[in-house]
Amino acid sequence: MAHPLSPELADAPLIEAFDTSWTSRWGDRPEHPALQVSEETFEAAWSEYTERLMGNYPFFHPRYAGQMLKPPHPVAVRGYEAAMRINPNNHALDGGPPTSHMEKEVMQMLAGLFDFPGDALGHLTSSGTIANLEALWIGRCLHPDKGIAHSEEAHYTHGRMAEVLGMAHTSVPVDGHGRLDLDALERLLQTGTIGTVVATPGTTGLGVVDPIAELIPLARRYGARVHIDGAYGGFFRLLLDAQDEAGKPMLGDAAKDFEAIHEADSVVVDPHKHGLQPYGCGAVLFRDPSVGRFYKHDSPYTYFTSADLHLGEISLECSRAGAAAGALWLTLRCLPLAADAGLGPILAAGIRAARDWSGRIDASDRVTLYQQPDLDIVTFFPTDTSLSAIDRRSSDVFDTLMNDPNDPIFLSLFRQTAVAFTRRHAGLRVDQDHARLLRSVLMKPEHERYVTHLHRRTVETIGKV
């Protein structure tokens, strides 16, 4: 595989050649003056547009380690751009037969990633939020009088989507590492009010993996469904059998929880995060294909060109970009779902980077590790004696690093309660009810080779604030 930034992948004539080949096969078309834009108008608008885009943070560079943001792989960009010239709509086969079939193929690949049955039902979505909405909606269809349970560290989308669906939702306490507390969950399940339990293999705050291996049989005992929100961390299941340099499981103790995902009722994963895709590419899978009955509907003008399954027949969304499916299909042909090739080494690099930086933090007297990372998210704070001092200094470090004109580093801040802080660091003086700490998402493989610089700049800055 060529380097991600190699000229042949970034070659604009590649797309132009496809566009010419695609359009020429249909013969000449008349032009219409209503579509014309003058060269002067475009150049002025383009100049302003690109200048405004320069205001973005450098998501592509390893100096950016703040949020779950990075550019799509150039292969995905080429695939998306080529399909975007056609602009297929994967709602119905009428709107894009090739990309609809590509979507079905990539969903089979994703089902294989989670060891779901071959007849599992699934489709791409425009986001992880919509994917989770659909999974919770199916839960409501099957348990109309019951609510959902999710951990305090779960993404806020679950509470929000539960409100959209008119469902009750309960936030379950977490343990000292941020994992859903099973004893608290069982007490809640005993009330008979929960129809769906959400588990997260990689929370978006701390990157924590919930105890899925124990949670699933517990939920089953009380007749509840289990939904896996793997929007961020789901792709790490690729490393289920991978080992680190010491011959230990790459996923550590969380390996058993990633393995257990295959027993869940539904799972969500976002290709636009660790799948290297442009935004607008989520996915939802259901173990039991019979839940497709809840999607059943009729359309008076779409489902006519084929007796095959139209993706709109198993989706709450109507219009969806076929280009998203095309880009993902092309990417997985070049970078397959494998531990030792394709996406696997990219994910492994992020875990190694997180463990490397955590070790450096542990060895420093200026900075303290908040907790050991499960995946590729590292959390830490300036070493101090009180929550107020940690809160203030973390904010100062964040601002100073980001606004350095010569060598900026982009981290993020993460607010934690005093209770959560002192469960991990008992000696701190509690003089306010929360404190912000520093958080870093090492989701680009280049971070593995940039940790030394990230750590040095962070420690230097902490020494000055």
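Rules used throughout
- Residues numbered from 1 in each chain as written.
- Predicted model: local features only at pLDDT ≥ 70, side-chain atom pairs only at ≥ 80, totals over all residues.
- Heavy atoms only, no water.
- Phe/Tyr/Trp six-rings, centres within 6.5 Å; stacked < 30°, edge-to-face > 60°.
- Buried < 20%, exposed > 50% of the residue type's maximum accessible area, 1.4 Å probe, protein only.
- Helix = DSSP H or I, 4+ residues; strand = E, 2+ residues; numbered from the N terminus.
- Pairing = 2+ DSSP bridges.
- Right-handed = clockwise from strand over helix to strand, strands pointing away.
- Expected span 1.5 Å × (residues − 1).
- Contact = heavy atoms within 4.5 Å.
- Axes fitted to C-alpha atoms, helices over the stretch in contact; angles between N-to-C directions.
- Parallel < 35°, antiparallel > 145°, perpendicular 65-115°, else oblique.
- Left-handed = near helix turned anticlockwise from the far one by under 90°.
- Nonpolar A, V, L, I, M, F, W, Y, C, P; charged D, E, K, R; others polar.
- Disulfide = S-S within 2.5 Å.
- 1 Å grid on protein atoms, 1.4 Å probe; cavity = no way out; pocket = protein on both sides within 12 Å on 5 of 7 lines; lining within 4 Å.
- Points joined across faces, edges and corners; volume = space filled by probe spheres on them.
- pLDDT = per-residue confidence, 0-100.

## Here we look at the packing of aromatic side chains
Under the definition given, this model contains 11 aromatic pairs. Aromatic side chains W22 and W26 sit 5.6 Å apart centroid to centroid with 75° between the ring planes, which places their arrangement in the edge-to-face category. By relative accessible area, W22 is classed as partly exposed at 26%. Geometrically, the ring pair formed by Y64 and F410 is tilted, given 5.9 Å between the ring centres and 35° between the ring planes. Of this pair, Y64 sits in the loop between α2 (39-53) and α3 (74-86) while F410 is found in the loop between α12 (387-402) and β10 (412-417), placing the two residues 346 residues apart along the sequence.

## With respect to the pairing of strand β3 (residues 169-172)
Note: strand β2 (residues 147-151) against β3, four bridges, orientation parallel. Along β3, the bridge assignment pairs A149 with T170. Where the polypeptide runs from β2 across helix α6 (residues 157-165) and back to β3, its parallel neighbour, the crossover connection is right-handed.

## Remarks on helix α14 (residues 451-462)
One turn of the α-helix equals 3.6 residues, which is why residues spaced by three or four share an orientation. End to end, α14 covers 16 Å across 12 residues, agreeing with the expected 16 Å (1.5 Å per residue, within 8%). In terms of burial, α14 is a largely internal element, nine of the 12 residues being buried. If you check which residues of α14 are buried, you get V451, H453, L454, H455, R457, T458, V459, T461 and I462. Packing partners of the buried residues in α14 comprise α11 (343-362), β8 (367-371), β9 (377-382) and α12.

## What about unusual backbone geometry?
For N87, which is not a glycine, the phi torsion comes out positive at approximately 65°. Mapped onto the secondary structure, N87 falls in the loop between α3 and α4 (97-113). Since its relative accessible area comes to 58%, N87 is described here as exposed.

## Topic: the packing of helix α5 (residues 128-142) against α6
Between two packed helices, what matters for the description is the angle formed by their axes and the separation of those axes. Between α5 and α6, whose axes approach to 10 Å, the crossing angle comes to 55°. Here α6 runs oblique to α5, going by the angle between their axes. Remark: the crossing between α5 and α6 carries right-handed chirality. On the side of α5, the interface is formed by T129, N132, L133, L136, W137 and R140, while α6 contributes T157, H158, M161 and L165. Here the residues of the contact of α5 with α6 sort into five nonpolar, four polar and one charged.

## Quick word on the state of the cysteines
All chains considered together, the criterion is met by zero disulfides. Here C281 stays unpaired: no disulfide links it, and the sulfur of C334, its closest cysteine neighbor, is 15 Å away.

## Considering the layout of surface pockets
Put simply, the second largest pocket is a space of about 810 Å³. Lining of the second largest pocket is provided by 36 residues; of these, A154, H155, Y156, T204 and G205 occupy positions nearest its centre. Mapped by element, the contributors of at least two residues to the lining of the second largest pocket are α5, β10 and α13 (418-424). In terms of residue class, the lining of the second largest pocket is made up of 11 nonpolar, 15 polar and 10 charged.

## Here we look at the sheet that holds β3
Sheet strands line up and pair through hydrogen bonds in the backbone, either parallel or antiparallel. Pairing in this open sheet of seven strands is mixed, and the strands run β1-β7-β6-β5-β4-β2-β3 from one edge to the other. Lying at the two open borders of the sheet, with one neighbouring strand each, are β1 (121-125) and β3. Looking at each pair of strands side by side, their axes are set apart by 20° on average, direction ignored. Judged from the four bridges that link them, strand β4 (residues 194-199) and strand β5 (residues 225-230) form a sheet pairing that is parallel. Counterpart to A199 in the pairing with β5 is I228.

## Side note on the packing of α3 against helix α10 (residues 322-334)
One way to put it is that α3 packs onto α10 with a least axis distance of 8 Å and a crossing angle of 145°. Classified by chirality, the crossing of α10 by α3 is right-handed. On α10, the residues that touch V75, A76, G79, Y80, A83 and M84 of α3 are A323, A324, A327, L330, T331 and C334. Residues that form the contact of α3 with α10 fall into these classes: 10 nonpolar, two polar and no charged.

## Section: the confidence of the model for the chain
Of the residues in the chain, 95% have a pLDDT of 70 or more, and the chain-wide mean is 94. Counted against residues more than four places away or in other chains, residues 1-5, with its pLDDT under 50, gives 11 contacts.

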